[in-house]
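If you want the building blocks of each chain, they are given just below.
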Amino acid sequence: MDGDPAVESELDAFSLVFPLPFRVGFIATLAVWGWGLNLHYLYLAKVDVPSLIRYPGRSSPHHIPHHHSTYRLATVLSGLFAVSMVLFWLCTWGAASRVIDYDWIPMTYLAGIVAVFLVPLKNLPSGGRRRFLATLKRVSIGGIAEAQDGKFGDILLADVLTSYAKVCGDVFVTLCMFFTAGGSSTKRPDRSCGGTVVVPLLMGVPSAIRFRQCIIEYLRVRRAPYKESAGWGGQHLANALKYSTAFPVLLASALQRNTDDAAARAAYNRAWLVAVLVNSLYSFYWDVAKDWDMTLFASRRERNSSHHPWGLRDRLIFRPVIMYYAVIVLDLMLRCTWSLKLSPHLDKFSDFESGIFLIEFLEVFRRWVWIFFRVETEWIRNSSTGLGIDDILLGDYQGKDDDDE
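Since this is a predicted model, take the numbers as computed values, not measurements.

Enquirer: Explain unusual backbone geometry to me, using residue names and the numbers behind them.
Expert: Following R319, the chain continues to P320 via a peptide bond in cis, the omega torsion being 0°. Mapped onto the fold, P320 is located in the loop between helix 15 (300-303) and helix 16 (322-335). Residues other than glycine seldom take positive phi values, yet K46 does so here, at roughly 65°. Within the fold, K46 resides in the loop between helix 2 (20-44) and helix 3 (49-52). Residue class for K46 comes out partly exposed when judged on its relative accessible area of 44%. A positive phi angle is found at D293, which is not glycine, with a value near 55°. Looking at the element boundaries, D293 is found in the loop between helix 14 (262-291) and helix 15.

Enquirer: Break down the state of the cysteines for me, citing the residues and quoting the values.
Expert: Applying the stated criterion across every chain yields a total of one disulfide. Each disulfide pairs two cysteine sulfurs, and for C176 the partner residue is C193, the sulfurs being separated by 2.0 Å. When the S-S torsion is -80°, as for the bridge of C176 with C193, the disulfide is left-handed. Remark: C193 occurs in the loop between helix 9 (165-179) and helix 10 (198-222) and C176 occurs in helix 9; sequence separation between them is 17 residues.

Enquirer: Could you give an account of a nonpolar patch on the surface, naming the residues involved and the relevant values?
Expert: A cluster of nonpolar side chains, V114, L118, V119, L121, F132 and L133, forms an exposed patch at the surface whose accessible area comes to about 470 Å². Counting residues per element, the ones that place at least two in the nonpolar patch are helix 6 (104-118) and helix 7 (126-139).

Enquirer: If you had to explain the packing of aromatic side chains to someone new, which residues and values would you point to?
Expert: Inspection of every chain in the model, using the stated rule, returns 27 aromatic pairs. When the ring of F14 is compared with that of F18, the centres are 5.9 Å apart and the planes differ by 75°; the resulting orientation is edge-to-face. When its relative accessible area of 14% is taken as the criterion, F18 is described as buried. Three or more aromatic residues joined by ring pairs form one cluster here, namely F14, F18, F22, F26, F81, F88, Y109 and F357.

Enquirer: Give a description of the pattern of salt bridges that names residues and reports values.
Expert: As enumerated under the stated definition, the model contains 16 salt bridges in all. A salt bridge links E353 to R191; the nearest nitrogen and oxygen atoms lie 2.7 Å apart. Pair noted here: E353 is in helix 17 (residues 353-381) and R191 is in the loop between helix 9 and helix 10, with a separation of 162 residues, a long-range link. D331 is the salt-bridge partner of R366, the closest N and O atoms lying 3.1 Å from each other. Here the residue R366 occupies a position in helix 17, and D331 occupies one in helix 16, the gap between them amounting to 35 residues. Residue R366 is classed as buried on the basis of its relative accessible area of 2%. Connected through shared salt-bridge partners, D287, D331, R335, E363 and R366 make up one network.

Calculation criteria
Residues numbered from 1 in each chain as written. Predicted model: local features only at pLDDT ≥ 70, side-chain atom pairs only at ≥ 80, totals over all residues. Heavy atoms only, no water. Helix = DSSP H or I, 4+ residues; strand = E, 2+ residues; numbered from the N terminus. Buried < 20%, exposed > 50% of the residue type's maximum accessible area, 1.4 Å probe, protein only. Disulfide = S-S within 2.5 Å. Patch = residues over 30% accessible without salt bridge, like charges linked within 9 Å, V, L, I, M, F, W, Y side chains within 5 Å. Areas by Shrake-Rupley, 256 points an atom, 1.4 Å probe, with all protein chains shown as cover. Salt bridge = Lys/Arg side-chain N within 4 Å of Asp/Glu carboxyl O. Phe/Tyr/Trp six-rings, centres within 6.5 Å; stacked < 30°, edge-to-face > 60°.

The structure is reproduced here in structure tokens:
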């Protein structure tokens, strides 16, 4: 492996072809395509996602499904990416100095992405964009709606943001480099731009958001009339604890990067290893046992019950059943991509810009897969009880106002 060699002192080979601003935009575009695919597959599986997130349903069969509207938005974003990328390549022709000088092209592209979400455009789903921005505004300060107002949608978005923590850090790095005197957003990414603690703090914000949401849910449970029906709220505290395990990882990683003392670096590395192991395994357990309601970690009696496949649950919507086992294994593997640093042959891979991008992409992919099974679980929880493993419920939720998508 030739790694990620420097073209010159200010630029690496990967950024020469695919600068950081374009990587941020590419992953944002993938997120929209991914959500469209989530909606599409779940629609085919008769899972009514709009009813779960309290989004207005389609009152007329002549209105296009929600996933078609999402695909339309994704297509516009993809076209914007393609045009900007080709223009950038034509202007730079692989010359390092020109790549650095023409950073205004990818920055204009990022501004274009923001405009697509903010500016009312006739042929784009304005209702969906308004709903997304309103939800993002509430979630961004750790807010969470009541169940009847779309709490599940808030939880989904906040959980997705935790998987985009590194991408959020890259957004700040891009802006910091662009607005720094004599800087350029297309140089080799300087992840200490703006100070050595700013980026780790920003990466911790999504986990802090979910932590606050969990505490809010706990306090709601402690108030009447929740107490009798929802227990004492211990699960919300356990969930908050799970998100809090992200903070020691970020702290140990930042301390390790910002010290020149070999002994201190080794100590911080050991602390980081313990912290990331706890975070990964706790999160994996929660994915399987709590988010997906699987019985893999349940008692032997419950796990070996004849009413459901081993380690899974009574009701499964997707087929084939073996897919659930494959996804559990995949989730564990992608939760532990940090283990690459333990390999003597791959330990430097995550320090390359190409390696950082691949790890970001894999986390986004893991979250995309997670959404299918998290939504399926919520659908089953909200469905009538007493149905068999092959039963699929249809939602009858109809919003009063249809989106103009």
